[in-house]
Amino acid sequence: MRLFDLRLIIAFLFGLYGVVLVVVGLGFTSDEDLRKAEGVNINLWAGVAMAALAAVFAAWAMLRPQFVDTDKQPLKEL
Amino acid sequence: MSVSVVAEADLRLDAGPIDYALLVIYFVVVLGIGVMARRSVSSSLDFLLSGRSLPAWVTGLAFISANLGALELMGMTANGAQYGMATVHYYWIGAIPAMVFLGLVMMPFYYGSKVRSVPEFMRRRFGKPAHLVNAISFAVAQVLIAGINLFALAVIIDALLGWPLPVSIVVAAVVVLAYTTLGGLSAAIYNEVLQFFVIVAALAPLTIVGLIKVGGWQGIVEKVTDQEQLSAWPATELTGINSPVWSVIGLVFGLGFVLSFGYWTTNFAEVQRAMSAKSMSAAKRTPIIGAYPKALIPAIIIIPGIIAALIVPEMAQLKAGAAGDGVDYNDVLPLLMRDLLPNGILGIAITGLLASFMAGVAANVSSFNTVFTYDLWQDYVKKDRPDEYYLRVGRLATVGACVLAIGTAFIAAALGGSNIMDYIQALFSFFNAPLFATFILGMFWKRMTPTAGWVGLLAGTFTAIFIYVISEPSFGIELLELPGQGASFLGAGLAFVVDILVSVAVTMVTRPKPDSELVGLVYSLTPKEDRAHSTTGEDAGWYRSPALLGGGVLALTTVLYFIFG
């Protein structure tokens, strides 16, 4: 049994979320949106943070890839 | 929580296309995980226990996430608004010691004995009567709780987005059904880890904007009128016990010892996450790794609650003793989302809330199907079939669980909801404290007999029910007057003591199992090397030592108590 790497899924989802929120934050933020969040462009900052999270997971997955444990039983392909 | 109130208040969120788009992306990823996990399922153990192959950080985050359901999120932000800092006890003393204990003391027996479920440990240690009591009560509880989760989800989605109840119930159940039938426990666990990050991504911005609005921590300290709400001790409001000394004793023994040890160490929906880890070391580390986010997450759950009581007008009214415009403390999270989050991040917050409901249902369903397949079907109905047969039973059990959960949700909706939910949840809390008493006695006292196992369990459970009945105001026989959490602390404490006393007494007059049948299940009969974990390969390194990590999180919690207590 060997599963795909969850770290790449996390990187994918938050990478996508990050890009969408940065675009919304930069391009589609009205004054009313800003007022709601006390003048903070929360979409932009949350987007940047999510993109950073995605980068961390992607880097982790690249640097320490999942390895096949040869002690355990061999993979069964369906 | 009383969900019926949510629907009355005006909580409708101004969700736009972008918010729905972010929600849809999440659903697609969740289903994609199910489809991809399908490829690595080739046996019943793969399907029901992830083939015991997952790394510790995954099982650790899933461990905490399975507990971070939406009802928990909404309930704890509500407690933050109502009781203030005292709510941290649920996260610190009410969780961390028990999680470390599970990892260091109990996991060697759970994982080392190779049992596939908590009830299976019960069967090997105490035989069939105790096993049946445990397996059936657990299976029934999981299905009913899954149904309650579905119903609560539907009520909140109706309030927030205006979707009709049946649509939400069926859509959420079908999504959960799709990914858990395809990918089994692996899909459920992967999605729980994903859900953990989405919840943090939803709550952290909410907390930050809230803090800016209220003027930072300093602003909170200045604006909170009842300064007692800024300290965690002695939490007399939370416990409902007027004497500060007894309130602290109730917290430490009732919440910190009996309730939390009962929940965290015997609830299979939690323990299953650790059993799916790939090695003894990873299994021991699972609850301990989960303890770190558990210790820190009050920052983005309780603080928003406290802030809401200061800046959301309806909450401030409620707190001041007024009727609060039909709002209830449980509406804190939706109200904050409404007031603070613009479109975009609002979509993430809605996704986080929905994700945590669905992950809760998936945790119930994925632990139900394991207990149903291995503990009920394989043990009592059809023994000795080939493994493919049990894999098929596991898949069918998943479908059955979802159908029953949908049924429960519709019945709850037809009966009008909230009270029934409260009763059902109270009912199942009765099983935890006595279970813990029986397990801990059975793990450390080899003389304890099979008869003592089930008699003690029943005696403890009935004690808990008795205390509940005589202290619950709505039953009209209120012999004990304990508002707040006091009654549940007392019920659990007495249930624990009665279970121990009855078990000891029954053991004295019945026959114990021979030592040879208890190897691996009882402390004194399990060789040290069977309890030890490997320290090579992927388990190497001082930072992977379960004892060190456990000590670290206990130290962290102590420091947090000094700063915020």
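Residues numbered from 1 in each chain as written. Chains lettered and ligands numbered in written order. Predicted model: local features only at pLDDT ≥ 70, side-chain atom pairs only at ≥ 80, totals over all residues. Heavy atoms only, no water.

(A) Focus on the overall build of chain A. Secondary structure assignment for chain A yields three helices and zero strands. Listed by position from the N terminus, the elements making up chain A come as α-α-α. A sequence separation of at least 24 residues applies to 73% of the contacts in chain A between residues at least 6 apart. (Helix = DSSP H or I, 4+ residues; strand = E, 2+ residues; numbered from the N terminus. Contact = heavy atoms within 4.5 Å.)

(B) Main features of helix α4 (residues 56-65) of chain B. Counted residue by residue, α4 of chain B has 10 buried out of 10 residues, so it is predominantly covered. Within the sequence span of α4 of chain B, burial applies to Ala56, Trp57, Val58, Thr59, Gly60, Leu61, Ala62, Phe63, Ile64 and Ser65 of chain B. (Buried < 20%, exposed > 50% of the residue type's maximum accessible area, 1.4 Å probe, protein only.)

(C) Examining the interface of chain A and chain B more closely. The interface of chain A with chain B comprises 34 residues on the first partner and 45 residues on the second. For the pair chain A and chain B, the summed buried surface comes to about 3400 Å²; carbon and sulfur atoms form 76% of the total. Summed over the shared surface of chain A and chain B, the number is zero salt bridges. In this assembly, chain A and chain B are joined by four residue pairs in polar contact (both at pLDDT 80 or more). At the level of secondary structure, the elements contributing two or more residues to the side of chain A that touches chain B comprise α1 (6-27), α2 (31-36) and α3 (42-63) of chain A. Ranked by residues supplied to the side of chain A that touches chain B, first place goes to α1 of chain A with 12 residues. Considered class by class, the residues forming the side of chain A that touches chain B number 24 nonpolar, two polar and eight charged. (Buried area = accessible area lost by both parts, 1.4 Å probe. Salt bridge = Lys/Arg side-chain N within 4 Å of Asp/Glu carboxyl O. Polar contact = N/O pair within 3.5 Å; in protein donor to acceptor, adjacent residues only side chain to side chain. Nonpolar A, V, L, I, M, F, W, Y, C, P; charged D, E, K, R; others polar.)

(D) Focus on the packing of aromatic side chains. Residues and elements named next belong to chain B. With the rule as written, the count across this model stands at 30 aromatic pairs over all chains. Between Phe138 and Phe268 the ring centres are 5.9 Å apart and the planes differ by 70 degrees, which places this aromatic pair in the edge-to-face class. A residue pair is termed long-range when its members are at least 10 positions apart, and Phe138 in helix α9 (residues 128-161) and Phe268 in helix α14 (residues 268-275) qualify at 130 residues. The class for Phe138 is buried, based on a relative accessible area of 9%. Take Phe268: its relative accessible area is 0%, and that puts it in the buried class. (Phe/Tyr/Trp six-rings, centres within 6.5 Å; stacked < 30°, edge-to-face > 60°.)

(E) Region of the structure containing the side chain of Asp379 of chain B. Residues and elements named next belong to chain B. Positionally, Asp379 belongs in helix α19 (residues 345-381). For Asp379, a relative accessible area of 11% puts it in the buried group. Only 2.9 Å separates the side chain of Asp379 from the side chain of Arg123, close enough to count as a polar contact. Excluding anything up to four places from it in sequence, Asp379 contacts Arg123, His131 and Tyr374.

(F) Spatial organisation of the side chain of Asn364 of chain B. Residues and elements named next belong to chain B. Position of Asn364 among the secondary structure elements: in helix α19. Of the residues examined, Asn364 reaches a relative accessible area of 8% and is grouped as buried. When neighbours within four sequence positions are excluded, Asn364 is seen to be in contact with Gln142, Ile145, Ala146 and Asn149.

(G) Structural detail: a nonpolar patch on the surface. Residues and elements named next belong to chain B. Side chains of Leu132, Ile136, Val140, Tyr380 and Val381 sit close together on the surface and give an oily, nonpolar patch of about 380 Å² of accessible area. Mapped by element, the contributors of at least two residues to the nonpolar patch are α9 and α19. No other element matches the three residues that α9 contributes to the nonpolar patch. Take Leu132: it is sitting in helix α9. (Patch = residues over 30% accessible without salt bridge, like charges linked within 9 Å, V, L, I, M, F, W, Y side chains within 5 Å. Areas by Shrake-Rupley, 256 points an atom, 1.4 Å probe, with all protein chains shown as cover.)

(H) Highlighting the packing of helix α5 (residues 70-83) of chain B against α19 of chain B. All names here are of chain B. Between α5 and α19, the shortest axis-to-axis distance is 7 Å and the interhelical angle comes to 125 degrees. Of the possible angle classes, the one that applies to α5 and α19 is oblique. Residues Ala70, Leu71, Leu73 and Met74 of α5 touch α19, and the partners they reach there are Leu353, Ser356 and Phe357. Looking at the contact of α5 with α19 residue by residue, the class counts come to six nonpolar, one polar and no charged. (Axes fitted to C-alpha atoms, helices over the stretch in contact; angles between N-to-C directions. Parallel < 35°, antiparallel > 145°, perpendicular 65-115°, else oblique.)

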